[in-house]
Amino acid sequence: MTVTIRPAHPDDVPALAALIEEIERFYGGTALQPFPERRAQTHEALFGPHPLAHALVAAEDGELAGMAAYSFLWPASGTTHALFLKELYVRDAWRGTGVGARLMDSLREVASARPGCSRMEWMADTNNPAARRFYEGLGFKELAGKVVYRVGAGE
């Protein structure tokens, strides 16, 4: 069995919507939206008339092993833009098998191939030491001096 990394296709939407619920549960979410609503939002975000994001999937025999959701931010440095990794998730059965590292390598290829993309950025929760060790193991260093702010859309 071989895991393949590729861009998400519209046919992946039901599996991606299920994976997103798994991600929400992983982070402790309990107020989960109904599956049909999540599936529709996933389709709209990735394949609607004005896509909000892109995704790479790691798939093995039609089953999703993981995903990387990203978008592009402008401006980044000067007038260039950056690939912003919003979510990297590998299902438990595939953790430690290199799937996450392959997704990161594929994201770097996407960023390098896009004209005007000067860098890749992402965040890890300070209370997620496994993710921080993963990124450190790939040779990435944490940046000091950044604080994340967040507010709800209607607040």
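See the structure printed just above.
I will try to describe carefully the structure that is included in this document.

Conventions and cut-offs
- Residues numbered from 1 in each chain as written.
- Predicted model: local features only at pLDDT ≥ 70, side-chain atom pairs only at ≥ 80, totals over all residues.
- Heavy atoms only, no water.
- Axes fitted to C-alpha atoms, helices over the stretch in contact; angles between N-to-C directions.
- Helix = DSSP H or I, 4+ residues; strand = E, 2+ residues; numbered from the N terminus.
- Parallel < 35°, antiparallel > 145°, perpendicular 65-115°, else oblique.
- Left-handed = near helix turned anticlockwise from the far one by under 90°.
- Contact = heavy atoms within 4.5 Å.
- Salt bridge = Lys/Arg side-chain N within 4 Å of Asp/Glu carboxyl O.
- Buried < 20%, exposed > 50% of the residue type's maximum accessible area, 1.4 Å probe, protein only.

### A word on the packing of helix H1 (residues 13–26) against helix H2 (residues 35–47)
Viewed as axis vectors pointing N to C, H1 and H2 meet at an angle of 110°, and their least axial separation amounts to 9 Å. Taken together, H1 and H2 sit at an angle that is classed as roughly perpendicular. Considering the relative orientation of H1 and H2, their crossing is right-handed. Listed contacts from H2 to Val13, Pro14, Leu16, Ala17, Ala18, Ile20, Glu21 and Glu24 of H1 are Phe35, Arg38, Arg39, Thr42, His43, Leu46 and Phe47.

### Considering unusual backbone geometry
Looking along the chain, the bond that leaves Trp74 and enters Pro75 is cis, with omega of -10°. Topologically, Pro75 is positioned in the loop between strand S3 (63–73) and strand S4 (81–90). For Asp61, which is not glycine, the phi dihedral falls at a positive 50°. Within the secondary structure, Asp61 sits in the loop between strand S2 (54–60) and S3.

### Topic: the pattern of salt bridges
Taken as a whole, this structure holds seven salt bridges when the rule is applied. Asp12 is the partner of Arg6 in a salt bridge, and the nearest nitrogen-oxygen pair spans 2.7 Å. For Asp12, a relative accessible area of 9% puts it in the buried group. Residue Glu21 pairs with Arg38 through a salt bridge whose shortest N-O separation is 2.7 Å. Here Glu21, found in helix H1, pairs with Arg38, found in helix H2; they are 17 residues apart in sequence, far enough to count as distant.

Take it as geometry only, folks, not as evidence of what the structure does.
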